[in-house]
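# Topology and contacts: notes
Next come the chains, spelled out residue by residue.
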Amino acid sequence: MAAKDNYDTAAALVKCHHESRGGVRGLVESATTSVPPYFQSPAPGSPGVEKTTTFAMPIIDLSLPRTAIVTLVGDAARTCGIFYVINHGVDAGAAVSAVRAFHKLPLASRSPL
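## Some remarks on the overall build of the chain
- Tallying secondary structure elements over the chain gives five helices and two strands in all.
- Put simply, the chain runs from its N terminus to its C terminus through helices and strands in the order α-α-β-α-β-α-α.
- When the 113 residues of the chain are sorted by exposure, 9% land in the buried category.
- Long-range contacts, defined as pairs at least 24 residues apart, comprise 56% of the intrachain contacts of the chain with a sequence gap of at least 6.
- When the accessible surface of the chain is totalled, it reaches about 9300 Å², and 64% of it is carbon and sulfur.

## A few points about the confidence of the model for the chain
- In this model, the chain carries an average pLDDT of 78, and 70% of its residues clear a pLDDT of 70 or more.
- This stretch, residues 1-5, has a pLDDT under 50; its non-local contacts, to residues over four places away or in other chains, come to zero contacts.

## Regarding the pattern of salt bridges
- Overall, the coordinates contain one salt bridge when judged by the stated rule.
- Note that R78 is salt-bridged to D75, the shortest N-O span being 3.0 Å. Note that R78 and D75 are positioned in helix α3 (residues 66-79) at a spacing of three residues, about one turn of the helix.
- A residue is classified by how much of its surface remains accessible, and R78, at 64% relative accessible area, is exposed.
- Taking relative accessible area as the criterion, D75 reaches 37% and is therefore assigned partly exposed.

## Brief notes about α3
- Between its first and last C-alpha, α3 extends 20 Å over 14 residues, near the 20 Å set by a 1.5 Å rise per residue.
- Within α3 the residues assigned to the buried category are I69, G74 and A76. Considered in projection along α3, the buried side chains sweep an arc of 165 degrees and stay on one side of the axis. Relative to its buried face, α3 has exposed residues pointing more than 90 degrees away, namely T67, V70, R78 and T79.
- Elements that come into contact with the buried residues of α3 comprise β1 (59-61).

## Quick notes on a nonpolar patch on the surface
- On the surface, F55, M57, I59, I82 and Y84 cluster together to form a nonpolar patch covering roughly 510 Å² of accessible area.
- Mapped onto the fold, Y84 is located in strand β2 (residues 84-86).

Here is what the cut-offs are and how they apply
Residues numbered from 1 in each chain as written. Predicted model: local features only at pLDDT ≥ 70, side-chain atom pairs only at ≥ 80, totals over all residues. Heavy atoms only, no water. Helix = DSSP H or I, 4+ residues; strand = E, 2+ residues; numbered from the N terminus. Buried < 20%, exposed > 50% of the residue type's maximum accessible area, 1.4 Å probe, protein only. Contact = heavy atoms within 4.5 Å. Areas by Shrake-Rupley, 256 points an atom, 1.4 Å probe, with all protein chains shown as cover. pLDDT = per-residue confidence, 0-100. Salt bridge = Lys/Arg side-chain N within 4 Å of Asp/Glu carboxyl O. Expected span 1.5 Å × (residues − 1). Arc of directions from axis to C-beta. Patch = residues over 30% accessible without salt bridge, like charges linked within 9 Å, V, L, I, M, F, W, Y side chains within 5 Å.

Printed below as a string of structure tokens:
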């Protein structure tokens, strides 16, 4: 029963955190002094931790012909749901600045309606 209680507590914490839409900033602003358990993963080799396989994230090169890009994106989306885009023309410094500016906004103004 204790395992189920722990699971229910962790699930409730995750749900509460997700619904707050506060993200990491919300944790910081809550003055937490430790990383919540649901953000922690066990160290490799810990009892009960299965050995994982290496994951290679698909890379989508936007300098390729459009038909190739469409095929690569479709394959990546179907097989692993994530991909890394290169040669997109977006200035990395500008993107980082925009993300930082967004996260400095008050929570209410960056939350969905």
